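Residue strings, one per chain:
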Protein chains: 2
Amino acid sequence: MQNNLSNLVVVGSVAFDSIKTPFGQKDNALGGSATYFSLAASFFANPGIVAVVGEDFTDNHHQILKNRKIDTEGLEKVKGKSFRWGGEYSFDLNNRKTLFTELNVFEQFNPKIPADYTNAEYVFLGNIHPLLQQKVLSQIKKPKLVGLDTMNFWIEGAHKELLDVLKLVDILIINDSEARELTKEYNLVKAGKKIIGMLGEAKNIPPTVVIKRGEYGVLAFQNGNWFFAPGFPLEDVYDPTGAGDSFAGGFMGYLAKTKDTSWQHLQRACVYGSIMGSFCVEKMGTERLQNLTNDEIKTRFGEFKRLTHFEE
Amino acid sequence: MQNNLSNLVVVGSVAFDSIKTPFGQKDNALGGSATYFSLAASFFANPGIVAVVGEDFTDNHHQILKNRKIDTEGLEKVKGKSFRWGGEYSFDLNNRKTLFTELNVFEQFNPKIPADYTNAEYVFLGNIHPLLQQKVLSQIKKPKLVGLDTMNFWIEGAHKELLDVLKLVDILIINDSEARELTKEYNLVKAGKKIIGMLGEAKNIPPTVVIKRGEYGVLAFQNGNWFFAPGFPLEDVYDPTGAGDSFAGGFMGYLAKTKDTSWQHLQRACVYGSIMGSFCVEKMGTERLQNLTNDEIKTRFGEFKRLTHFEE
């Protein structure tokens, strides 16, 4: 443990991405869901990261996380190469083609939770096999709020295991296409209601689902409550990679900071999540998140409010 | 003139639509841009309609407009058949295929403005040839606020005429794909800024553009101001036909009612427009707008506020 006790733990991937967009190209850039999540969350809390990397993960890469005071005790380094992904975006950035996926050390990922992390109250189970998500969660002694992300691959290939772990979490953060696939409902209101039924009962907060709609924003449901946060309109978007993970990082980071999980705070968490996603896409890879300031976040929060608020 | 002096004049189409959706089918339903616009606007103002119909437009159809106190002095009936359109929606309602278009009497449409309409302060130039839009506008003596809609057909086929009439209007209400085609900019913030440059200067309000993004909502720009109103999340969507025209009707109707065109009122006009669009799609054709109540609008306005507002 390098810093203060980490109250927010994320498990996911740390990877090297090769990204092609209409505006540029970047090879072997530090990426992965846990990287984007923890960089975004670090503006609100001290996240601790549970992931695996290979020998190609250098001190320079480590320094990127340490600069943001991210706790890396749970970041295991093993023999071999790190997870590598290559993707290319369409001219409008709305579609992407995976050029290659090399799981490498990620294939045998067996998450180990440092003793200090077991007291964390806020937990985010990033997009890995549902059985691993469950294994991580079982080691956290008294979680106050558990969020989960998943993807089509697990919805199709590990359906039962996914349904099992969903019963243990409070919040599912999911793409619209994944929500539709999971529920077999095209309509997102119907899909949201079905997902709430999947999350089970008797949690710390009422079951909550946050559906991410890419550049269009997010829609959050909880009981009779719903909230919409648009994507922040940007004149220059360079690289959508990591926007969804940055959303989750801002969302969970804000909740971990305030230690308040009321609906009003979940609404604000959606806004901070959207804001972190909007910064993420302004540069290639994690560059923008690495150089962001708290003042910029504060300014954009005010702009976001002006964008959506109206008087009665 | 059947009612009070009409302070809001709309020119556009009155048509018979044959609509197929995954949830049902309706043949020869009263439709057209001016119909949806004026039905939606009628909850706020007394719209007067400038359009042409054929002999197939019966007293029963007329009654639908009269029930909502829509002024039909500018609705000309001529020999022949009314404009007819047939369309079929995909399973997700996001794509539609035109099955047939019969212009009929609309082909020779030569809009005639009743003398009483020439004093109207609020004018909406629906989606017709830009030269006809200009002809209508030239007959309005002292317009206070002029809105315009157009479509790809005119952006491609009457580009110069469209640019000419744009210089005379205050507000362009346009789909995202049309905004992109008009400006050759994919990014909507860039597209919005370019459109503001096209609308010219020295108007009653600063040049304003409202970009409609279908189910995702609308984005409004004016100088340094912008505002986002999401599509209201609905569990049951039956027929998207007329949603954009209903938005424009609610938007212009609210402004005509309040006679206030400040940015704060334009924001609320966007919300009322979104609300009218959300009601429109809840039933086939114009059915929902025909049977809507002011109380339902008021209730949804409150729901809309809860959906988008958050505390600092």
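Rules used in this analysis
- Residues numbered from 1 in each chain as written.
- Chains lettered and ligands numbered in written order.
- Predicted model: local features only at pLDDT ≥ 70, side-chain atom pairs only at ≥ 80, totals over all residues.
- Heavy atoms only, no water.
- Helix = DSSP H or I, 4+ residues; strand = E, 2+ residues; numbered from the N terminus.
- Buried < 20%, exposed > 50% of the residue type's maximum accessible area, 1.4 Å probe, protein only.
- Arc of directions from axis to C-beta.
- Contact = heavy atoms within 4.5 Å.
- Pairing = 2+ DSSP bridges.
- Salt bridge = Lys/Arg side-chain N within 4 Å of Asp/Glu carboxyl O.
- Buried area = accessible area lost by both parts, 1.4 Å probe.
- Phe/Tyr/Trp six-rings, centres within 6.5 Å; stacked < 30°, edge-to-face > 60°.
- Axes fitted to C-alpha atoms, helices over the stretch in contact; angles between N-to-C directions.

## Let's talk about unusual backbone geometry
Phase 1 of the analysis: Non-glycine residue Asn-28 of chain A carries a positive phi angle of around 50°.
Phase 2 of the analysis: Summarising the element assignment, Asn-28 of chain A is placed in strand S3 (residues 24-31).
Phase 3 of the analysis: Using a relative accessible area of 42% as the deciding quantity, one classes Asn-28 of chain A as partly exposed.
Phase 4 of the analysis: Non-glycine residue Leu-93 of chain B carries a positive phi angle of around 65°.
Phase 5 of the analysis: Structurally, the position occupied by Leu-93 of chain B is in the loop between strand S6 (83-89) and strand S7 (96-102).

## Topic: helix H3 (residues 130-138) of chain B
All names here are of chain B.
Phase 1 of the analysis: Taken together, the buried positions of H3 are Pro-130, Leu-132, Gln-133, Val-136 and Leu-137. Along the long axis of H3, the arc covered by the buried residues comes to 160°, so they all point the same way.
Phase 2 of the analysis: The elements touched by buried residues of H3 are strand S1 (8-11), strand S8 (122-125), strand S9 (145-148), helix H4 (152-157) and helix H5 (159-166).

## A closer look at the pairing of strand S2 (residues 15-21) of chain B
Residue and element names in this part refer to chain B.
Phase 1 of the analysis: Within S2, six of the seven residues are buried, which leaves it mostly tucked inside the rest of the structure.
Phase 2 of the analysis: Between the antiparallel neighbours S2 and strand S3 (residues 24-31) lie two residues.
Phase 3 of the analysis: Note: S2 against S6, six bridges, orientation parallel. Considered in S6, the bridge of Ile-19 is made with Gly-87.

## Topic: the pattern of salt bridges
Residue and element names in this part refer to chain A.
Phase 1 of the analysis: Tallied over the full model, the rule gives 28 salt bridges over all chains.
Phase 2 of the analysis: With a closest N to O distance of 3.3 Å, Lys-259 and Glu-121 form a salt bridge. In this pair, Lys-259 sits in the loop between helix H8 (243-258) and helix H9 (263-280) while Glu-121 sits in the loop between strand S7 (96-102) and strand S8 (122-125), placing the two residues 138 residues apart along the sequence.
Phase 3 of the analysis: Given a relative accessible area of 45%, Lys-259 falls into the partly exposed group.
Phase 4 of the analysis: Here Lys-194 and Glu-185 are joined by a salt bridge, their closest N and O atoms 3.5 Å apart.
Phase 5 of the analysis: Its relative accessible area of 22% is what places Glu-185 among the partly exposed residues.
Phase 6 of the analysis: One connected set of salt bridges, linked through shared partners, spans Glu-282, Arg-288, Glu-296 and Arg-300.

## A short note on the interface of chain B and chain A
Phase 1 of the analysis: Taken together, the contact between chain B and chain A spans 34 residues of the former and 34 residues of the latter.
Phase 2 of the analysis: Together chain B and chain A conceal approximately 3,600 Å² of surface at their shared face, both sides included; 57% is due to carbon and sulfur atoms.
Phase 3 of the analysis: Three residues, Tyr-216, Glu-235 and Phe-310 of chain B, lead the burial of chain B against chain A; their summed loss comes to 21% of the area buried on that side.
Phase 4 of the analysis: Scanning the region where chain B abuts chain A turns up eight salt bridges.
Phase 5 of the analysis: A salt bridge links Lys-193 of chain A to Glu-235 of chain B; its shortest N-O distance comes to 2.6 Å.
Phase 6 of the analysis: Elements with a minimum of two residues in the side of chain B that touches chain A: helix H7 (188-198), strand S13 (225-230), helix H9 (263-280) and helix H11 (294-308) of chain B.

## Here's the deal with the packing of aromatic side chains
Residues and elements named next belong to chain A.
Phase 1 of the analysis: Under the definition given, this model contains 36 aromatic pairs over all chains.
Phase 2 of the analysis: Between Phe-153 and Trp-154, the aromatic rings sit 4.8 Å apart at their centres with planes inclined by 75°, giving edge-to-face as the arrangement.
Phase 3 of the analysis: For Phe-153, a relative accessible area of 53% translates into the label exposed.
Phase 4 of the analysis: When its relative accessible area of 14% is taken as the criterion, Trp-154 is described as buried.

## With respect to the sheet that holds S2 of chain B
Residues and elements named next belong to chain B.
Phase 1 of the analysis: Read across the sheet, four strands follow the order S3-S2-S6-S7 without closing on themselves; strand pairing throughout is mixed. Each edge of the open sheet is held by one strand with a lone partner, namely S3 and S7. Ignoring strand direction, the axes of neighbouring strands in this sheet form an average angle of 15°.
Phase 2 of the analysis: By the bridge criterion, six bridges tie S2 to S3 in an arrangement that is antiparallel. Paired with Asp-17 across the two strands is Ala-29, which belongs to S3.

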